[in-house]
Amino acid sequence: MALALLITGCNGQLGSELVRQARAASDIAFSRGIDLPEVDLTDPFAVRDTVHEWARVVRSDSPDHKLVVLNPAAYTAVDKAEEQEDLAYAVNATAPALLATACKEAGAWLAQVSTDYVFPGDGTVPYEPDDPKGPTNAYGRTKLAGELAIQEILPDASWIVRTAWLYGAGGPNFVKTMARLERERETLTVITDQVGSPTWAGDLARGLLTLARSDAPAGAYHGTNRGSTSWHGFAKAIFEELGADPARVHPTTAANFPTPATRPAYSVLSPAAWDGAGLPPFPGWREALAEAFRVEGPALRT
Ligand SMILES: NC(=O)c1ccc[n+]([C@@H]2O[C@H](COP(=O)([O-])OP(=O)(O)OC[C@H]3O[C@@H](n4cnc5c(N)ncnc54)[C@H](OP(=O)(O)O)[C@@H]3O)[C@@H](O)[C@H]2O)c1
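First, a word on what this report is: a plain description of the structure on this page.

Cut-offs applied
- Residues numbered from 1 in each chain as written.
- Predicted model: local features only at pLDDT ≥ 70, side-chain atom pairs only at ≥ 80, totals over all residues.
- Near = placed C-beta within 6 Å.
- Helix = DSSP H or I, 4+ residues; strand = E, 2+ residues; numbered from the N terminus.
- Nonpolar A, V, L, I, M, F, W, Y, C, P; charged D, E, K, R; others polar.
- Contact = placed C-beta atoms within 7 Å.
- Buried ≥ 20, exposed ≤ 12 C-beta atoms within 10 Å, placed from the backbone.
- Pairing = 2+ DSSP bridges.
- Right-handed = clockwise from strand over helix to strand, strands pointing away.
- Axes fitted to C-alpha atoms, helices over the stretch in contact; angles between N-to-C directions.

Around the ligand there are 26 residues in total, and G9, G12, Q13, A73 and A74 lie nearest to it. At the level of secondary structure, the elements contributing two or more residues to the shell around the ligand comprise helix 1 (13-24) and strand 4 (109-115). The element contributing the most residues to the shell around the ligand is helix 1, with three residues. In terms of residue class, the shell around the ligand is built from 12 nonpolar, 11 polar and three charged.

Spelled out as structure tokens, the structure:
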């Protein structure tokens, strides 16, 4: 069955990669990308009209297409969200609820991209999708509210895919920041006491498109590159990819880098549910970083 996609946040880091890969895929019959200012996902009328019009156009071409809305759009400014929780809630919770309602009416599936920050981060083993939640910051609270709304409105036709530590050509991210600091400074200090799984947007987009094609049951999944490291370990690996000496990256602790939003100390996500659904495993994070530099090195160095 051919697939038709509606991709939100198409100018964002993950959304732009999803659109690029969808347009290159021969089995994806119709993909449309939307973003601000054309469609504001917090506007109920805009969401309803956009989803219904997309479904109508796809069905007029072929009634057999599987319709999937991919929603990476989000309010992603983690620190600013502490001051703007209402705005973050509108984008991260209200908008997914509006999309879920429109998908239900249109007979479409919804894949919602969510975050490791829904967990408390005090664990020592990878979080399973159904482990107890406990966001430590406003951004995480709003993303969790979005997950819960979708699961209530569209329980049988929605996937929640939590990711973490995302980087790619299309966005500001840690890799680009390290590349800039490598040029500007002889040494830098990066924290060791937050651990997670750096995830390349290229791999996550591939995983989401595979999920959209699949018969994986509705529910929550984790989509990150495999393995884990600290921000310090990640920074050293980035220096290696840049051809710079990783010894220039010195360790420090989060206490020396206070931020408005508290970050989880441990946010490694278990791939067991993803693997259990028969979906192809994500590559390891170190291998993915090398591949990202091979494929889109110039953009990551800017
Ligand atoms: N980045 C990470 O490290 C990370 C980690 C874990 C999970 N995630 C999740 O992964 C997903 C993708 O992240 P990303 O880094 O690709 O995000 P991003 O680059 O910030 O892209 C988000 C996109 O959503 C758009 N958007 C914001 N408000 C909107 C609205 N009201 N209506 C329509 N579009 C709106 C943004 O437009 P503007 O730019 O114009 O605002 C932007 O194009 C998000 O759901 C995020 O929560 C990210």
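Picking up where we left off.
Another point: the environment of N92. Mapped onto the elements of the fold, N92 is located in helix 3 (residues 85-106). Separated by 65 residues in sequence, N92 and D27 place their C-alpha atoms 30 Å apart. Not counting chain neighbours up to four residues away, the residues in contact with N92 comprise A74, Y75, T142, K143 and G146.

What follows concerns the pairing of strand 5 (residues 158-163). In terms of residue burial, strand 5 counts as a mostly covered element, since six of its six residues are buried. Neither face of strand 5 is left uncovered, since the one carrying S158, I160 and R162 and the one carrying W159, V161 and T163 both have all their residues buried. For strand 4 and strand 5, the ladder comprises six bridges, and the chain directions are parallel. Bridge pairing links V113 to V161 in strand 5. For the handedness criterion, the β-α-β arrangement of strand 4, helix 4 (residues 138-153) and strand 5 is classed as right-handed.

Glancing now at the sheet that holds strand 10 (residues 219-222). In a beta sheet, neighbouring strands pair by backbone hydrogen bonds and run either parallel or antiparallel. An order of 2-1-3-4-5-10 is seen for the six strands of this open sheet, with the pairing classed as parallel. Two strands close off the open sheet at either side, each with one partner strand: strand 2 (28-33) and strand 10. For this sheet, the mean inter-axis angle between neighbouring strands, taken without regard to orientation, is 20°. In this structure, strand 1 (residues 3-7) lies alongside strand 2, joined through five bridges in parallel fashion. Within strand 2, the position partnered with L6 by the bridge is R32. Sheet contacts for helix 4: strand 4 and strand 5; angle to strand 4, the most-contacted strand, approximately 160°. Packed onto the sheet, helix 6 (residues 201-213) meets strand 1, strand 3 (66-71), strand 4 and strand 5 and runs at close to 165° relative to strand 5.

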